[in-house]
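# Coordinates in review
Letter by letter, the chains look like this.
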Amino acid sequence: VAGAWGECMHWACVYEQQHPGWEQDPAYAEENPAGQVIAFATELGHASIVTALEKNEEETHVSLDNGDDTFVFERDTSHQAQPAVLGGHPEEHQHSNAPYQAQVVAAQ
């Protein structure tokens with residue numbers, strides 16, 4: 001997932017990596033930071049990107065574990081299918097009915 005949703009997932013994963021005790025934080029009692037991103041996307045009616053967000057989460061954790069803190073969606077994807085454009089920004093939905101825009105890179 002590229003764009004704002006991909007960035008949200010990236011930073012949620014970074015938070016999990018940089019704050020080893022996040023599991024004890026009451027704010028994450030029901031859902032981990034990355035899970036909150038997925039839950040919010042679903043709540044806003046974007047269940048169609050959940051699988052891509054989960055893949056993004058997995059790949060981001062692997063990249064961070066390997067010392068690579070770049071966005072996974074910025075990698076060379078010329079060997080993959082072209083991204084599908086879904087449309088919007090997560091924060092827009094809190095304040096308006098504006099369409100959501102994001103790109104979902106097809107899972108291999």
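The coordinates are above.
First, a word on what this report is: a plain description of the structure on this page. All values reported here derive from a predicted model rather than from experimental measurement.

Procedures and definitions
- Per chain, the residues get numbers from 1 upward, laid out in the order the sequence is written.
- The predicted origin of the model limits local features to residues at a pLDDT of at least 70 and limits the giving and counting of side-chain atom pairs to 80 or more, whereas totals for whole chains, interfaces and linings rest on all residues.
- To obtain the side-chain values, all non-hydrogen atoms of the structure were used and water was disregarded.
- Orientation is described by axes fitted as lines to C-alpha atoms, over the contacting stretch for helices, and by angles from 0 to 180 degrees between their N-to-C directions.
- Strands here are runs of E lasting at least two residues and helices are runs of H or I lasting at least four, both read from the DSSP assignment and numbered beginning at the N terminus.
- The scheme is simple: roughly parallel for angles under 35 degrees, roughly antiparallel for over 145, roughly perpendicular for 65 to 115, oblique for anything else.
- Pairs of residues are marked as contacts when any of their non-hydrogen atoms sit within 4.5 Å.
- The residue classification treats Ala, Val, Leu, Ile, Met, Phe, Trp, Tyr, Cys and Pro as nonpolar and Asp, Glu, Lys and Arg as charged. All others, Gly included, are polar.
- Salt bridges are counted wherever a side-chain nitrogen of Lys or Arg sits within 4 Å of a carboxyl oxygen of Asp or Glu.
- With a 1.4 Å probe rolled over the protein chains alone, any residue whose accessible area is under 20% of its type maximum counts as buried; one over 50% counts as exposed, and the rest are partly exposed.
- Helix span, expected: 1.5 Å multiplied by one less than the number of residues in the helix.
- Any two of the Phe, Tyr and Trp rings considered here, Trp counted by its six-membered ring, make a pair once their centres fall within 6.5 Å; the pair's planes then place it as stacked at under 30 degrees, edge-to-face at over 60, or tilted in between.
- Put simply, a crossing is left-handed when the front helix is turned counterclockwise from the back one by less than a right angle, and right-handed when it is turned clockwise.

As a further point, take the packing of helix α1 (residues 4–18) against helix α2 (residues 33–43). In the contact formed by α1 and α2, the axes pass within 7 Å of each other and the chain directions differ by 155 degrees. Regarding the angle of α1 to α2, the classification is roughly antiparallel. Residues W5, C8, M9, A12, C13, Y15 and E16 of α1 touch α2, and the partners they reach there are P33, A34, V37, I38, F40 and A41. A breakdown of the residues in the contact of α1 with α2 according to their chemical character gives 12 nonpolar, no polar and one charged.

Here the structure, examined in full by the defined rule, presents two salt bridges. In this structure, K55 engages E59 in a salt bridge whose closest nitrogen and oxygen atoms are separated by 3.6 Å. With K55 and E59 both in helix α3 (residues 50–65) and four residues apart, this pair spans about one turn of that helix. In this structure K55 comes out as partly exposed when scored by relative accessible area, which is 25%. Among the ionic pairs, E59 bridges to R75, the shortest N-O distance being 4.0 Å.

Moving on: the side chain of S63. In this structure, S63 sits in helix α3. Other than its neighbours up to four places away in sequence, S63 contacts D68, V72 and R75.

Time to look at α3. Between its first and last C-alpha, α3 extends 23 Å over 16 residues, near the 22 Å set by a 1.5 Å rise per residue. For α3, every residue scored as buried is listed here: V50, A52, L53, N56, E57, T60, H61, S63 and L64. In the stretch just after α3, G67 is the one whose phi turns positive, near 85 degrees.

Counting across every chain of the model gives five aromatic pairs. For the ring pair W11 and F71, a centre distance of 6.2 Å and an interplane angle of 90 degrees mean the geometry is edge-to-face. Of this pair, W11 sits in helix α1 while F71 sits in the loop between α3 and β1 (84–85), and the two are 60 residues apart along the sequence. Following the ring pairs from residue to residue traces out a cluster consisting of W11, F71 and F73.

On to the packing of α1 against α3, then. Between α1 and α3, the least distance of the axes is 9 Å, while the angle of their chain directions is 45 degrees. The angle between α1 and α3 places the two elements in the oblique class. Helix-helix and strand crossings are classified by hand; for α1 and α3 the assignment is right-handed. Contact residues: α1 offers W5, G6, M9, H10, C13, V14, E16 and Q17, while α3 offers L53, N56, E57, T60, H61, L64 and D65. Across the contact of α1 with α3, the residue classes tally to six nonpolar, six polar and three charged.

Attention shifts here to α1. Here α1 is 15 residues long and its end C-alpha atoms lie 21 Å apart, about the 21 Å a rise of 1.5 Å per residue gives. Within α1, burial applies to A4, W5, G6, M9, H10, A12, C13, V14 and E16. Residues of α1 that are buried in the fold lie against α2 and α3.

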